[in-house]
Amino acid sequence: MEAIERRVNYLNVDHGIRSWLLTVDHKRIGLLYLVSITIMFFLGSLMAGAVRAELLTPQGDLMQSDTYNKAFTLHGIIMVFFFLIPSIPAVLGNFLLPIMIGAKDLAFPRLNLLSWYVYIVGASIGIAATIGGGLDTGWTMYTPYSTGYATTNVVFPALGIFITGFSSILTGLNFIVTVHKMRAPGLTWFRMPLFVWAHYATSLVMILGTPVIAITVLMVGLDRGLGLGIFDPKAGGDPVLFQHLFWFYSHPAVYIMILPAMGVISEVIPAFSKKRIFGYGFIAASSLAIALIGFLVWGHHMFTTTQSMYAALVFSVLTFAVAIPSAVKVFNWTATLYKGAVSFEAPMIYALGFIGLFLVGGLTGLFLGALGLDLHVHDTYFVVAHFHYIMVGGAIMGYMAGLHFWWPKITGRMYNDLAAKAAALLIFVGFNLTFFPQFIAGYAGMPRRYHYYPEEYQVLNVLSTAGASVLGLGYLLPLFYLLFSLRFGRHAGRNPWGAFGLEWMIESPPTPHNFDHTPTVTWEPYDYPEMHKLPTRIGESRSHVTLAEGQPTPPEGLAHV
Amino acid sequence: MFLSLFLFPPQASTHAFEVDALYVFLIVLCSAVALGVVISMLTFAYRFRRRAGNTIGADIHGNTPLELVWSFIPFVAVMFIFVWGASLYFKLSRPPDNAMEVFVTGKQWMWKIQHMAGRREINELHVPVGVPVKLTMTSEDVIHSFFVPAFRVKADVVPGHYSTTWFEATELGTYHLFCAEYCGTEHSRMIGRVVVMEPAEYQTWLTTGNVTDVAAGGGMATAMATSTGQAASPAKVGEQLFLEKACQTCHLTSPGGIGPQLGGLAGHTVELATGETVTADDAYIRESILTPMAKLVKGYPPVMPTFAGQLSEEQTRALVEYVKSLRAEPGAGEATAVDARQQVGVQ
């Protein structure tokens, strides 16, 4: 055991802050993102807490309306642009994508580091804008409010979003090139893990969609700063044009959040069922279908917005069409359990929680896609509940499942499984208590972004706030047991879950270059029945146990481990 | 029933029941799907749990016919929902011809309502029960959204644009009116109430009530109302404005003016200088007042000054109503030959 600890790995190969800030190792960059987005997550949660506390009573008694409006705006902007969009791709995708395809790094390691710096610059500007006055437009920044009427500083947060977008584009580009060019010999497209397929689809959305939001916020800046009047009806502009441009990106952005989470679930379910994924081809194809059709449904955010009836029809029918590939995935995950050998460690609990919550989120999407019904529930708490079921119940649950699944690989340590299950349960219960009442409040007519609200909605809001407290507790818990595991957790070994895949055939934590020599892949993915015939370690030479040049000589007894 | 009060807002319009029917159908359908999936998931997970004698899953790749079945059945189901939702939407998008018209202006942070008989109100909308009401709406500043949960009706109110929606109230009472599109500091206070009255009571209310004093944008109407002791109709206000702005200098009631004759214009097809044709609806008349160069009528010089920025939305609306109220002069609309003859006659 002692010896294992002293193996050269990506964590101990170099020391000091400089070695982290100048690293080009995809695994270290993944950890840089992990730390940054965790800070963002708790900042965004703080804003959510402020909003929920205010909504305990119908009167706006805790803060001024302007303050409340800033709180929900910053909650949205931080969570969407600075947490959810980078979350799984930039942390888990960065760490795992090269390993899963048998590569030593991403195609452009320096570009990868640049993406992180770009993200940090964008996020810092966003945070600086928070401290320097805030923004009160809602994360959607609808014109002409944002361009002509908001008295807060719109330009700085918009600049933050603009810059962060480039980070997303660079990551997407890097992933696409890596998947095309860096796959190990024998790793054909249909031998790729579904996590890789999901990230490939996500990357397509990132590079095709993100430039549009960049242009859009730039136009908002020009409109506001120079009075160009693109979105100003008084100058002949069209305020609704902004909504088209905004949703052309921001609807596919939902798939940037959820597709990687679906990728995670497609890894976790087979691993804890000890069984091949059901319908590999359908799941892979459905990721691409979601990415492509997802670009054609943006108009469903605008059914109440002076859209022509015929345009609304097209957007509605496509919205229903995009539900099918998502449904297929859910059925396939469920079918994977059938005749499996199912065990219930923490990642599996999170994954099952994901399926349940995503199911509710997806099905309530049907309510919103139905034109006549949407006219009633649009811009109410029904919509708020729906997208939180997708983004929190789906994307964050998936992120938690992935983080718990690969934590032993990333850190080499096991966390306390019981504590992790307790957190999963708290999150599941807290989440439902927070957001389910919002469906009811929404149908009963409570509009979103309301600081004051009529008294009849109070019971539901009190339930929601109570749930949010439980949810907050659930999210704080992993911070403790995961950090605790870094020092006190038992060593994980290569493959603590007995899972299938290249990442489980290398050291935990991996050596700096993942593989000493490139592995040759001869197997189908998720081939659990044949797993016993495969090597338990791959791509290794003995060299990894000697320390790099210039390092202190290894202690005695280490060389022959 | 407590449950229905809790789950549904009051059902007070003809739409409300139809929208709720689709909602209940979807709840039943989606609950069935969700329960089916969750029960299968839990059953499989428990029944095929890992234990001695079951340490590795069965070697199953998938099942293409099954995949096709569970892709196709949901597809049929969602298309059914699509058609149902779309048919409701079409109904909600097309006001009946006999609908009574009310003009709504959104403004940070209030709703200004004007009835065709002239009565105005703020943050309140009085309507008769059992009569279809068509709202023509616009905004003076940012985007707002007119939302009456009890009627299951919502439509965005966009500056520079006339949007419409309609409803027919079925229950007497007072209902919430909300702004559903975030519009700044006091967004959550941009609320009001809709009062549904007996038609007779509504008529009395229309003609005898006090005129709400409109501080902004209502100068002319307020002045007229105070002088006569009763509200002037928008068309009446529009006539005053028409004279005040000297529109009649060019838009003559007889042919031969610099601008087109306006009698009988509303609802008819207009041929433009570009060769296109448009229907002279409210939006067209509004646009032609505010930005006359946008759609120039064929055969007329581009000389009309713009009135953008000089008229409030309510004044513009009054002018539109006045133009719509003008009936065709005898002989008008029979092309330019008539004009020529008459001009010769005059000479």
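Rules of the game
- Residues numbered from 1 in each chain as written.
- Chains lettered and ligands numbered in written order.
- Predicted model: local features only at pLDDT ≥ 70, side-chain atom pairs only at ≥ 80, totals over all residues.
- Helix = DSSP H or I, 4+ residues; strand = E, 2+ residues; numbered from the N terminus.
- Rg over C-alpha atoms; globule rule 2.2 N^0.38 Å.
- Buried ≥ 20, exposed ≤ 12 C-beta atoms within 10 Å, placed from the backbone.
- Contact = placed C-beta atoms within 7 Å.
- Pairing = 2+ DSSP bridges.
- Core = buried A, V, L, I, M, F, W, Y, C linked by C-beta atoms within 7 Å.
- Axes fitted to C-alpha atoms, helices over the stretch in contact; angles between N-to-C directions.
- pLDDT = per-residue confidence, 0-100.

1. What to know about the overall build of chain A
- Scanning chain A for helices and strands turns up 17 helices and 0 strands.
- Its C-alpha atoms give chain A a radius of gyration of 24 Å, within 12% of the compact-globule value 24 Å for 561 residues.
- Along the three orthogonal principal directions, the C-alpha set of chain A runs to about 75 × 50 × 40 Å.
- Looking at chain A residue by residue over its 561 residues, the buried ones come to 61%.
- A separation threshold of at least 6 residues defines the contact pool for chain A, and within that pool the share at least 24 residues apart is 84%.

2. Some thoughts on the overall build of chain B
- Counting its regular elements, chain B contains 9 helices and 12 strands.
- A buried classification covers 36% of the 347 residues belonging to chain B.
- Looking at chain B alone, contacts between residues at least 24 apart form 66% of all its contacts between residues at least 6 apart.

3. Some words on the pairing of strand S7 (residues 153-157) of chain B
Residue and element names in this part refer to chain B.
- Taking burial as the measure, the 5 residues of S7 include 5 buried ones, the bulk of the element.
- Of the two faces of S7, both are covered, the one formed by Val153, Ala155 and Val157 as well as the one formed by Lys154 and Asp156.
- Relative to S7, strand S6 (residues 144-148) is paired through 5 bridges, and the arrangement is antiparallel. When the bridges of S7 are listed, Phe147 appears paired with Lys154.

4. Some points on the nonpolar core
- Residues Ile265(A), Val268(A), Ala351(A), Phe354(A) and Ala401(A) are the most contacted members of the largest nonpolar core, which totals 245 residues.
- Among the elements that line this core, the one with the most residues is helix H10 (residues 239-273) of chain A, at 21 residues.
- Counting residues in each nonpolar core, the second largest holds 14 residues, with Leu265(B), Ile285(B), Ile289(B) and Val320(B) among its members.

5. Some remarks on the sheet that holds S6(B)
Residues and elements named next belong to chain B.
- Taken in spatial order, the 5 strands make up an open sheet running S4-S10-S9-S6-S7, and their pairing is mixed. Of all the strands in the sheet, just strand S4 (124-128) and S7 have a single pairing partner and so form its edges. Here the strands of the sheet are splayed against their neighbours by 20 degrees on average, with no regard to which way each runs.
- Looking at chain direction, S6 and strand S9 (residues 173-179) are connected through 2 bridges and run antiparallel. The residue of S9 that forms the bridge with Phe146 is Cys179.
- Strands in contact with helix H4 (residues 199-208) are S4 and strand S10 (192-197); relative to S4, the strand with the most contacts, it is inclined by about 135 degrees.

6. Here's the deal with the confidence of the model for chain A
Residues and elements named next belong to chain A.
- For chain A, the mean per-residue pLDDT works out to 92, and 95% of the residues sit at or above 70.
- Counting interchain partners and residues more than four positions distant, the pLDDT-below-50 stretch residues 1-5 has 4 contacts.
- When the criterion is pLDDT under 50, residues 543-561 qualifies, and its contacts beyond four places in sequence or with other chains add up to 21 contacts.

7. Description of the sheet that holds strand S8 (residues 163-168) of chain B
Residues and elements named next belong to chain B.
- In spatial order, the strands read S3-S2-S1-S5-S8; together these 5 strands make up an open sheet with mixed pairing. Each edge of the open sheet carries a strand with a single partner, namely strand S3 (120-122) and S8. Between one strand axis and the next, the sheet turns by 25 degrees as a mean value, whatever way the strands run.
- Across 3 bridges, strand S2 (residues 110-115) lies against S3 in antiparallel orientation. Its bridge partner being in S3, Lys112 is matched across the sheet by Ile122.

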